[in-house]
Amino acid sequence: MVTETLDILHDQFPGCQTLAFADLSTQMVLVTNSGTTDSRETLDALCAEAALAFGTASIPALGTCATHTIFVSTADQLHIYLRDTKEPGDALCCICRHDIALDRFVIAARSCLEQISHGL
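In this report, the structure presented in the accompanying data block is examined. (Residues numbered from 1 in each chain as written. Predicted model: local features only at pLDDT ≥ 70, side-chain atom pairs only at ≥ 80, totals over all residues. Heavy atoms only, no water.)

### Examining the overall build of the protein chain
Argument step 1. A tally of helices and strands in the protein chain yields 3 helices and 5 strands.
Argument step 2. Beginning at the N terminus, the succession of helices and strands in the protein chain can be written as α-β-β-α-β-β-β-α.
Argument step 3. In terms of C-alpha radius of gyration, the protein chain reaches 13 Å, essentially the compact-globule figure of 14 Å for 120 residues.
Argument step 4. Relative to its full complement of 120 residues, the protein chain shows a buried share of 42%.
Argument step 5. Of the contacts made within the protein chain by residues no fewer than 6 positions apart, 54% connect residues no fewer than 24 positions apart.
Argument step 6. Carbon together with sulfur atoms contributes 56% to the accessible area of the protein chain, which is approximately 6,300 Å² in total.
Argument step 7. Each charge class in the protein chain was averaged separately, 6 positive and 15 negative side chains, and the resulting centres sit 6 Å apart. (Helix = DSSP H or I, 4+ residues; strand = E, 2+ residues; numbered from the N terminus. Rg over C-alpha atoms; globule rule 2.2 N^0.38 Å. Buried < 20%, exposed > 50% of the residue type's maximum accessible area, 1.4 Å probe, protein only. Contact = heavy atoms within 4.5 Å. Areas by Shrake-Rupley, 256 points an atom, 1.4 Å probe, with all protein chains shown as cover. Lys, Arg positive; Asp, Glu negative; His and termini not counted. Charge placed at Lys NZ, Arg CZ, Asp CG, Glu CD.)

This is how it looks when you write it as structure tokens:
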């Protein structure tokens, strides 16, 4: 069911290249969308970047206050990280093109994360 939920989100947004549901406490990607062609190393780095930015039980978050959404822009990609508000170890790690409809995507991705985390 998780893969299907990620696939639905991926299919709605052509600018979305990769979706990964991760456990920040273990820094492991648990499930990706079925179209993901990224290597394990790429997915692990994506999860590590999210854990670094959000923080974990043993590592403080970057910045001065907790957040549930982080954007990291590179020259050719936009990494979007969403942390669940009720299950802070659950995160959705996304690699997108810069031309993605950002506002609509973040709303849909947040809903997707809640469905996965809370079995909605």
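Here the narrative resumes, following the displayed structure.
### Concerning the pattern of salt bridges
Argument step 1. Scanning the entire structure with this criterion turns up 2 salt bridges.
Argument step 2. The partner of aspartate 44 in a salt bridge is arginine 40, with the nearest N and O atoms 3.4 Å apart. Placement of the pair is aspartate 44 and arginine 40 together in helix H2 (residues 40-54), with a separation of 4 residues, close to one helical turn.
Argument step 3. Aspartate 44 sits in the partly exposed class, given a relative accessible area of 34%. (Salt bridge = Lys/Arg side-chain N within 4 Å of Asp/Glu carboxyl O.)

### Regarding the packing of aromatic side chains
Argument step 1. All told, the structure shown has 1 aromatic pair when counted by the stated rule.
Argument step 2. With a centroid separation of 5.3 Å and 85 degrees between ring planes, the pair formed by phenylalanine 13 and phenylalanine 105 is classed as edge-to-face. Residue phenylalanine 13 is located in the loop between helix H1 (2-12) and strand S1 (16-23), and its partner phenylalanine 105 is located in helix H3 (residues 102-118); the two are separated by 92 residues in the primary sequence.
Argument step 3. Take phenylalanine 13: its relative accessible area is 6%, and that puts it in the buried class.
Argument step 4. Accessibility expressed as a relative area gives 0% for phenylalanine 105, which makes it buried. (Phe/Tyr/Trp six-rings, centres within 6.5 Å; stacked < 30°, edge-to-face > 60°.)

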